[in-house]
Amino acid sequence: GGGGDDSNDSSGQSGGTLRVYNSEPAFLTPSGGDDEPSIYVLRQLYRGLVKYNAETSAVEMDLAESIESDDQKVWTIKLKSGYTFDNGEPVNADAFIRSWNFAAYAPNTQNNGYFMKRIAGIKDVSPEGEGAEPTAKELSGLKKVDDLTFTVELEAPFSGFPTTVGYVGFFPMAQACVDDIKACSEKPIGNGPYKMDGSWQHNVAINLVRSDTWKGEPGKPDRIEYKIFADVDAGYAAFQAGELDVMFTLPPARYKEAKATYGDRMYEQPGDSFTYVGMPLYQDDFKDKRIRQALSLSIDRQSIIDAVFDGRFTPATGFVAPTFEGAREGVCKYCTKDVEKAKQLLAEAGGWPAGKKLTLWANAGAGHDQWLQAVGDQIKEALGIDYELKVNLQFPEYLETADKKNFTGPYRLGWGPDYPFMETYLYPLYGTGAGSNNSGYTNEAFDNLLKEGDSADSIEAAIPSYQKAEDILGEDLPVIPMWFNKVGAVYSENVDQFVWNAVSDADYGATSLKQN
Amino acid sequence: MSDVVLETRDLVKHFPLTRGIVFKKQYGAVQAVDGVNLQLRRGETLGIVGESGCGKSTLARMLVGLETPTSGDLFVQGRNMSKVGAEERRRGRRNIQLVMQDPYTSLNPRMTVGDIIGEPFEVHPDVVPKGKRRAKVQELLDLVGLNPDHINRYPHQFSGGQRQRIGIARALALNPEIILCDEPVSALDVSIQAQVINLLEKLQAELGLSYIFIAHDLSVVRHIADRVAVMYLGKIIEIGTEDEIYDKPTHPYTQALLSAVPVPDPKLRGQRDQIVLTGDVPSPANPPSGCRFRTRCWKAQDICAEQEPLLVVRDKSDHPSACHFAEVRDVVHATE
Amino acid sequence: MSDLTSAGSAVGGAPVGGDGPTTEPSAGGKERSTSLWADARRQLLRDPIFVIAFLYIVVVGSMAAFPKLWTSQDPRACSTDRSRVSPSWEHPFGTDILGCDYYSHAIYGARPSMVIAVMATSGIVIFGGLLGLLAGYYGGWVDTIISRLMDIVLSLPFLLGAIVFLTVIKRQNIWTIALVLFALAWPTIARIIRGSVISSKDLDYVHAAKAVGARNSRLMFRHILPNAIAPMLVYATIVLGAFVAAEATLTFLGVGLQAPAQSWGTMISVHQVYFLEDPWLLLFPCGLLVGTVLSFILMGDALRDALDPKFR
Amino acid sequence: MSTDVNVKMDALAGVDPNALPLQVKNLHVEFRTRNGIAHAVNGVSFDLRAGETRAILGESGCGKSVTAQAIMGILDTPPGFITGGEILYRGVDLLKLPESERRKVRANRIAMIFQDALSALNPVFTVGFQLAELFRKHRGMSRKDAKARAIELLDLVKIPAASQRVNDYPHQFSGGMRQRVMIAMALALDPEVLIADEPTTALDVTVQAQIMALLAELQRERNMGLVLITHDMGVVADVADQISVMYAGRVIEEAGVNDIYASPAHPYTKGLLESIPRLDLKGHELSAIKGLPPMLTNIPPGCAFNPRCRYAQEVCRQDPAPPLYQVSPSRTAACHFWKEVKGDE
Amino acid sequence: MGRYVIRRLLQFIPTVLGTMFLLHYMTSLAIQFSGNPARALFGDRTPPPALLQAITERLGYDNPCLDQRGNPCFGLFLDRLQNIFLHFDFGVNLRQREVTELVADAIPFTLKLLVIAIVFEAVVGIAAGVLAGLRGGSFLDYTVKISTVFVISVPIFVLGLVVREFVGVKLGNVLRGQDWIPDLISVGVFTPGFKADYPFASLIIPGMVLGAVSLATTARLTRTSIMENIRADYVRTAKAKGLTNKRVIGVHTLRNSLIPVITFLGVDIGAAMGGAVVTETIFNVPGIGRLVTMSARTGESSVVIGVVTMLVLVVLIANLLVDLMYAVLDPRIRYE
Ligand SMILES: Nc1ncnc2c1ncn2[C@@H]1O[C@H](COP(=O)(O)OP(=O)(O)OP(=O)(O)O)[C@@H](O)[C@H]1O
Ligand SMILES: Nc1ncnc2c1ncn2[C@@H]1O[C@H](COP(=O)(O)OP(=O)(O)OP(=O)(O)O)[C@@H](O)[C@H]1O
Ligand SMILES: [Mg+2]
Ligand SMILES: [Mg+2]
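Everything numeric in this text was worked out from a predicted model, so none of it was measured.

Peer 1: Which parts of the structure should I look at to understand the overall build of chain D?
Peer 2: The helix and strand inventory of chain D stands at twelve helices and twelve strands. A globule of 345 residues ought to have a C-alpha radius of gyration of about 20 Å, and chain D, at 21 Å, matches this closely. Projected onto its principal axes, the C-alpha positions of chain D cover 65 × 50 × 40 Å. Sorting the 345 residues of chain D into buried and exposed places 60% on the buried side.

Next up, the structure:
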């Protein structure tokens, strides 16, 4: 990070009030906020060990001086000195250890406890057994060396560890914050370039102003106002009425119109959220990979994207978002429509049970039924398999159905990366016994390739192993990749330069306003 | 006394006044009827007169079983109706039928005349066998002077007088011995009223019916009744034959009532001995002590407030009268 | 003088009341049995608004009952290749976002909308009517219990209640939606019936029937109910319309019918977002829906006028 | 007394103090309803002298109230329309006056009492308010003075404890007292003509006697003309000077009170008198008028009474309806056979 | 009067308890049948069991009865009642915020919205109804009738969306382009949604949309009521008193006619709260309706119970006020 001198010479770049769209955050604490709206605010209030390069997604040191390991298992982290929280507490090794311990300890009920799962000793603070009580309050893997140095021991080697700690869940917390977490969420004690002005006006607004305790590169706007909307359509209407400067997302159906109206002020970029149709491999009908391939071959992804989403997505031909390092096109050879081949594969697999309907699953109320219906229509047309939709489960029940592996047919789900490292698309979804492996996929070769990558010497060195693993998926199709989103943000005429970070999305602190 | 078809002994009806939601507390009662003794003989017409709200209708409703008496006994042909079972009471009720006041509301607008008059047969299927009911209804229509062909018409297609005839036909359906008429002609025009009164008299002569005839029009009552009872605030205050009441009234209230009736003869104007009462009828929820009429009575003395006068024959009268100072006074022919 | 007053009646003495003031011109011969309903029918048929509304409902009803009569297209033959095509000769209403024929959708969409409205309305009429009748007729503790029950349901704001129930029930098909609409709306009808029963149970003709010995059931169903039914009928007609609209609103709120079920509600809520770009996607189902609701309400109005004795 | 406040503030142009307080000439009123045109009033005429009581007698629906409403100018229009005739107040034709002028006549010069006092009084305002309103709007009095006058009036109509009752609502009064309040309201501005539309029909006989006595007293005091609408032959015999008998919207007989009772000249009047049971005449069967009054939408040609009339002959069934024959200098009857009727006893 | 109020308040108890139990049972069933709502917090990621369990406990969904399908969970209900009535503790939502706090945040917006809606509905509805009622059958009457009926037959969300798009955005943008229009109007009133800077002005249009739903009913009710009263005898009396037309209508007709309308408006508060669900979503008003919709969808039973219970109380109290108002407006209604 550079010093605070550059903003002074480029006059007209700094200052003003940036009004942005947001939804109501869940928690404004690093340990609790795991939802998009929270993260958007938290990233301006707090800063962590590393940050991501806006264009390349590469990891850059932020508060950390260095993050190093010999064995990819025990990591030593050295901090820069001189940073403090808004309340004057120093940002030191304790601030990080405190924060991570606090999140991990199950009785604290912090949502980001999930992300501490790789750190040694997690089983003691957040045991897995039904009704088991934690036996420790602190993670045994975190050790303070001196004020500005601490070590992190992982349960298993993981070469991508430095990429993960840029996530808000790994940001530091002040002692005062941990002492009264509720108050800290209402009026955060941050260590970042902005601090809250007043307190959180729930469902209405969150206003940030520049923090004078921040030593790093200052944010561009003097003030960031997050206007809170419950509904993206309402937000877009407000944008149209000139009440917002940045809208980081668009209502799906308004994309075309927005592009026409705000073409030059629209920011588009491939995104990283992955939508797929999972295959319940635990059902006999889907055990044969040729069936899965046939289904995938029947789908014209682009046509669905054009019809239902105004062409806003990128058809997926692989399992890793194209923006990620190591991602390749055409990993999945069955991901473009080819009816002849589909029919042939289906026939080879012995055909589909006559008269049996394919049940397509999605959770209710999120608008998935539309495109799923189109998928069904295409399968029906290509393979003559009639389908029915099962789209009435609310999200909790839907997820429980997934956890319990009770789907009776293809199901829609999505995945967003936790850190900018291609492993995030692989192990959690397809690793044997992994948390989000809903299809019940298990493949020893795949698991071994992942392990190989995890213990590679560096991030770069890990990639080839992961790519091999992805190739296996491309053949086995435990899930049918559908598409990756495309970022579509619009900004107002007041905005001079809009900054989008490939990993952490819209960066309001870096977005500058026109001065007049 | 075998010819007494209906008798009441100390018949009382109090409507409780309550308050509270779960635990209802009674804080008073409307003493609508308070100890009425009556006898009705076969073939006779007993008139009941009195001011509005004095309890005439309530009494009538108890007699036909629409209201359960608070206390007291009702004998129909010697049987105590409050002591017999529900089924017998229902059968006993057949013997007393009711003709109501308002011909416009007493007929169900959605039923045909045939259904209305035939309803008693459906309720008591043993009276007329199924197949003959229609013929019987037509017979009844004919009896009350309506065109039997109109059996399928609806009430709104008839005039008030005609409707009242339908009501009478319904009352006659079960061959009752007693017909209770609660102001049957009050709602009718004079010219029509006469038609109905004539019909009632004719039916009585033909079928040997006994009538209890309630009205507040004293002239009509005199015209039709053999005996007359005068009610005031839930009690009978004077009872006697039509001549005794009209020509020799002894209770001050009866006298005032009679004197107030305008006589359609301009020659008598200013010559009658008119007694204009002051004040209103007291509330039946809170009647005066002793004699209930004392608050409006020009003869009232201390005793009237203390002692309730019994309905008995006194020295200066030849028929029962509930006044300590009962005394004959001729008001109708006062100064002729 | 009696010979002059008796007008040749068979029995004598009592004059026959001739043809009363309200008798129709003496057409001789047959008696036409006119009733209030017959009167009302005649008046309704003379009311152009009623006739138009009624015809509209007949059309919509036939769409719901016999969709094949109106279209030969399969509403589920879709192709994303022809998504949101404007109306044309082949697709008179255009196509929807999935490229299905919008016209046949609209036709087939009538059924769920109408079935839900009709089922829920008959439910509240039967159940609400019965409870209202019991409460009004018996009074006392029966009334207390039923009234409290009505209070409880009525104090839940309708849409909120529907959202809570439907999210809980989760199976959002026409049965459950009808059930929820029914469960939340019956007290209104019960209240109406209770009111009119209370006011009509003391009518003279009820007492008259009681005086001839009629039992409770007879009094209730033969005398009280038929006269309490007019306000209920009027209300039921209006409620039918309201339910058609409620189904759409629930769908908009995400607790209504779900794909692939097709109702006007789902059509509106799926396509409302396109109403600036492709307004017809909203206009067609909305038009059908509004027309239906409007027709029901206007029919209810006309019915009220026709049944109102003040107007005859 | 406070006669000063009773000075009419608004003078009415063209008033001839010597003319009769009220004259109705050939009044026609019809109702245009869905079921056709109802001819409610078909040529009613009568005069009213100061201090005189004119009774208008007739069966239900014969047009008595409509006549009264037409005189007051409070007919519901539509459906009611005055299609002909004149209503003269001291020589001024009220029907030709503009509404603003007409309003000044109401209550000030011609007042009216209605049959059902409960529904005729506004249930949501106190009796005092409704009385005081008259003084405030017509005399421009202050609230306080108007209230004082209201109490005086209640006293005048013999309501006990008037100063307390003035703040009560109509439903808190008994039937007789309400009717007295109505009378007080009608007399408030000291009108010259009072129209009483069945003022005692809803009341008990004892109360009726009180009210009629009160009305007679007040009428005498003020030398007021009274139009008494009723169908009670007894009341008429007690109080009326002149009688107009109406049938099917038409005056069919007009005479002084004694003449009519002694020898009715129209068969309808005669039938009416014979069909009342009389307290003093017990025994003989009532002679009813057969049949029913005609529907006003469908009045039979000729004499409207002909289908029910025992004297009716061919001429009665043909138009035109019988004119008002001069029976004696002071009485008329609309019957071709009035002589027979009158002589037949 | 005080007695009456107390009695009515006592009557609330069973209603409120009944409603709470109903909601409690529904939400318990939801958990029993579809699982722990806390699970949804983690979405695609499977949470560590201990964490999930801790959160479940914190949210109060750990009662074993919630695992037994159909169990009414009386124990849990009693606990909840205790918490609510003894500690005023309605529990927390999934984000661990106190329900009381959530409601306190949201309710001012909803109340403002309701006030605007009711005032709009009352003023416009009554005015339209009076105009239509006075000229029954005229062109004006017809226009009012058709236009109001048309408004009710359009589902509120369609109305809301159209108004937001055309009035809030399109028209608003035009107005905002004019310098001479004050910001309060162009930015505050003509806005596509609620704005914290114009907490009242920006609710006017949403309030009007909300009010529009019942506008028709108000107008029609007023119309019928006026038409009934304009023929009433006391209006005739008022005319006979020589009062001006304005006074006859404005004083003698209107007050009587408004009694049923006011009753309706009171009852409508409940319905309007329901409508607020849609309006608040469309116009981004951070009120109760939006809160409860979201909570119902995510299965946050404590929020649903808490919020709806409070709403029910508001509805009941509104009804009580209406009754009292009724007594004020109509002296015939007397309470002991
Ligand atoms: N169901 C009831 N509950 C309470 N009070 C009642 C009830 N029925 C009648 N009353 C009261 O009982 C008294 C007598 O009433 P009833 O109807 O018998 O009078 P009535 O003599 O028939 O009067 P009218 O001549 O007006 O018909 C009245 O004060 C009335 O208010
Ligand atoms: N508003 C109205 N609309 C239609 N017809 C009316 C209206 N008012 C009165 N009429 C008709 O006018 C005729 C005369 O009515 P009116 O009220 O004058 O009778 P009435 O002599 O006063 O009878 P009653 O003795 O019953 O008061 C009746 O046939 C009635 O139906
Ligand atoms: Mg009675
Ligand atoms: Mg009249």
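Read on for the rest.
Peer 1: I'm lost on the sheet that holds strand β2 (residues 36–48) of chain D in this one. Help?
Peer 2: As a general point, the strands of a sheet are linked pairwise by backbone hydrogen bonds and lie either parallel or antiparallel. Residue and element names in this part refer to chain D. A sheet is described by the order of its strands in space; here four strands give the open sequence β2-β1-β4-β5, paired in antiparallel fashion. Each of the sheet's edge strands pairs with one partner strand only, and the pair in question is β2 and β5 (92–93). Examined bridge by bridge, strand β4 (residues 80–89) and β5 share two bridges and lie antiparallel to one another. In the strand pairing of β5, L88 is matched with D93. Along the sheet, helix α1 (residues 64–72) makes contact with β1 (22–33), β2 and β4, crossing β1 at roughly 110°.

Peer 1: Where do I start with the site of ligand 2 in this structure?
Peer 2: Residue and element names in this part refer to chain D. Residues in contact with ligand 2 amount to 15 residues; listed here are only the nearest, S60, G61, S65, V66 and E198. S60 places a polar side-chain atom, nitrogen or oxygen, 2.5 Å from an oxygen atom of ligand 2. Contact between ligand 2 and E198: an oxygen atom at 2.9 Å from a side-chain N or O atom of the residue. Taking 630 Å² as the accessible area of ligand 2 by itself, protein coverage stands at 68%. Those elements that provide at least two residues to the shell around ligand 2 are β1 and α1. With three residues, α1 is the single largest residue contributor to the shell around ligand 2. Grouping the constituent residues of the shell around ligand 2 by class yields six nonpolar, six polar and three charged.

Peer 1: Honestly, the sheet that holds strand β10 (residues 235–241) of chain B in this entry has me stumped. Any pointers?
Peer 2: Residue and element names in this part refer to chain B. Read from one edge to the other, the open sheet built from six strands follows the order β6-β7-β8-β3-β9-β10, with strand pairing classed as mixed. In the strand order of this sheet, the two ends are held by β6 (96–99) and β10, each with one partner. Pairs of neighbouring strands in the sheet enclose a mean axial angle of 20°, with direction left out of account. Pairing geometry for strand β3 (residues 45–50) and strand β8 (residues 210–214), over four bridges, is parallel. Of the residues in β8, the one forming a bridge with G47 is F213. Each of β3, β9 (227–232) and β10 touches helix α9 (residues 252–260); the most contacted strand, β9, lies at about 105° to it.

Peer 1: What's the story with the state of the cysteines in this structure? I'm lost.
Peer 2: Among covalent bonds in proteins, the disulfide is the one between the sulfur atoms of two cysteines. For the structure on display, the rule yields three disulfides over all chains. There is a disulfide in this structure between C177(A) and C184(A), and the S-S distance comes to 1.9 Å. Where C177(A) bonds to C184(A) through sulfur, the torsion about that S-S bond is close to -90°, and the disulfide is left-handed. Judged on exposure class, the residue C177(A) and its partner C184(A) are both buried. One disulfide in the model links C65(E) with C73(E); its S-S distance is 2.1 Å. Between C65(E) and C73(E), the S-S torsion sits near 115°, and that sign places the bridge as right-handed. C73(E) carries the same exposure label as C65(E), and that label is buried. Free of any disulfide, C54(B) has its nearest neighbouring cysteine sulfur in C291(B), separated by 14 Å.

Peer 1: Explain unusual backbone geometry here, please?
Peer 2: Apart from glycine, the bulk of residues carry a negative phi angle, and the bulk of peptide bonds sit in the trans form. A positive phi angle is found at N203(A), which is not glycine, with a value near 65°. Its identity as a non-glycine residue notwithstanding, A161(D) has a phi of 50°, on the positive side. Checked against the element boundaries, A161(D) lands in the loop between α5 (143–156) and α6 (162–165).

Peer 1: For this particular structure, what's the right way to read the arrangement of the chains?
Peer 2: Across all C-alpha pairs, the smallest distance from chain A to chain B is 44 Å, and the two are not in contact. These two, chain A and chain D, are apart from each other, with no contact and a minimum C-alpha gap of 47 Å.

Peer 1: Explanation requested: the nonpolar core in the structure shown.
Peer 2: What tends to happen in soluble globular proteins is that the nonpolar side chains get buried as a cluster. In terms of nonpolar packing, the biggest core is built from 327 residues, with L49(A), I77(A), W100(A), V152(A), W371(A) and Y508(A) touching the most fellow members. Those residues in contact with W371(A) that lie beyond four places of it in its chain are T275(A), V277(A), I304(A), V308(A), F309(A), R412(A), M482(A) and W483(A).

Peer 1: For this particular structure, what's the right way to read a nonpolar patch on the surface?
Peer 2: All names here are of chain E. A cluster of nonpolar side chains, namely I6, L10, I13, L17 and F85, defines an oily patch on the protein surface of about 480 Å² accessible area. Ranked by residue count, the leading element in the nonpolar patch is helix α1 (residues 2–34), at four residues. Mapped onto the elements of the fold, F85 is located in helix α3 (residues 74–87).

Peer 1: What should I look at first to understand the UniProt feature "transmembrane region" (unreviewed entry) in chain C in this one?
Peer 2: Residues and elements named next belong to chain C. In the numbering used here, UniProt assigns the "transmembrane region" (unreviewed entry) feature to residues 49–66, 114–137, 149–168, 174–193, 224–246 and 280–303. Between the first and last C-alpha atoms of residues 114–137 the distance is 33 Å; the span itself is 100% helix and 0% strand. The span residues 280–303 shows a helical share of 100% and a strand share of 0%, and its end C-alpha atoms are spaced 33 Å apart.

Peer 1: Whenever I open this one, the interface of chain A and chain E confuses me. Can you help?
Peer 2: Interfaces are often sized by the accessible area lost when the parts come together. With 51 residues of chain A at the contact, the number on the chain E side is 47 residues. Looking at the side of chain A facing chain E, the largest losses of area belong to T109(A), Y114(A) and P396(A), adding up to 13% of the total buried there. Across the pair E243(A) and K195(E) runs a salt bridge, and its minimum N-O distance is 2.7 Å. Seen at the junction of chain A and chain E, the total is eleven residue pairs in polar contact (both at pLDDT 80 or more). Going through the elements one at a time, α7 (181–186), α8 (232–240), α14 (395–403) and β16 (411–415) of chain A are the ones with two or more residues in the side of chain A that touches chain E. Among the elements that take part in the side of chain A that touches chain E, α14(A) stands out by supplying six residues, more than any other.

Peer 1: Before we go on, may I ask you to explain the pairing of strand β9 (residues 205–210) of chain A in this structure?
Peer 2: All names here are of chain A. With respect to burial, β9 is a largely interior element, five of its six residues being buried. Sheet topology places strand β8 (residues 194–196) next to β9; three bridges connect them, and they run antiparallel. Within β9, the position partnered with M196 by the bridge is L208. In terms of strand pairing, β9 meets strand β10 (residues 223–228) through five bridges, oriented antiparallel. Across the sheet, N207 pairs through a bridge with E225, a residue of β10.

Peer 1: Sorry, what's going on with the domain arrangement of chain D here?
Peer 2: All names here are of chain D. In terms of domains, chain D is made up of domain 1 (2–6 + 20–240) and domain 2 (246–278 + 286–343). When each unit is reduced to the centre of its C-alpha atoms, the spacing between domain 1 and domain 2 is 28 Å. Tallying the contact residues gives 26 residues for domain 1 and 18 residues for domain 2. In total, about 1700 Å² of surface goes out of reach between domain 1 and domain 2, with carbon and sulfur atoms giving 58% of it. By the criterion of area lost to domain 2, the three top residues of domain 1 are N42, E59 and M233, representing 35% of everything that side buries. For the pair domain 1 and domain 2, the interface holds two salt bridges. For R54, the salt bridge goes to E254, with nearest N and O atoms at 3.1 Å. Viewed at the interface, domain 2 and domain 1 are joined by eight residue pairs in polar contact (both at pLDDT 80 or more). Contributions of two or more residues to the side of domain 1 that touches domain 2 are made by β2, β3 (53–57), α1 and α9 (233–239). For the side of domain 1 that touches domain 2, the element with the highest residue contribution is β2, accounting for ten residues. In terms of residue class, the side of domain 1 that touches domain 2 is made up of twelve nonpolar, eleven polar and three charged.

Definitions and cut-offs
Residues numbered from 1 in each chain as written. Chains lettered and ligands numbered in written order. Predicted model: local features only at pLDDT ≥ 70, side-chain atom pairs only at ≥ 80, totals over all residues. Heavy atoms only, no water. Helix = DSSP H or I, 4+ residues; strand = E, 2+ residues; numbered from the N terminus. Rg over C-alpha atoms; globule rule 2.2 N^0.38 Å. Buried < 20%, exposed > 50% of the residue type's maximum accessible area, 1.4 Å probe, protein only. Pairing = 2+ DSSP bridges. Contact = heavy atoms within 4.5 Å. Axes fitted to C-alpha atoms, helices over the stretch in contact; angles between N-to-C directions. Near = heavy atom within 4 Å. Polar contact = N/O pair within 3.5 Å; in protein donor to acceptor, adjacent residues only side chain to side chain. Areas by Shrake-Rupley, 256 points an atom, 1.4 Å probe, with all protein chains shown as cover. Nonpolar A, V, L, I, M, F, W, Y, C, P; charged D, E, K, R; others polar. Disulfide = S-S within 2.5 Å. Core = buried A, V, L, I, M, F, W, Y, C linked by side-chain atoms within 4.5 Å. Patch = residues over 30% accessible without salt bridge, like charges linked within 9 Å, V, L, I, M, F, W, Y side chains within 5 Å. Salt bridge = Lys/Arg side-chain N within 4 Å of Asp/Glu carboxyl O. UniProt positions renumbered as here; feature names shortened; annotations may be inferred. Buried area = accessible area lost by both parts, 1.4 Å probe. Domains from an automatic or database assignment.

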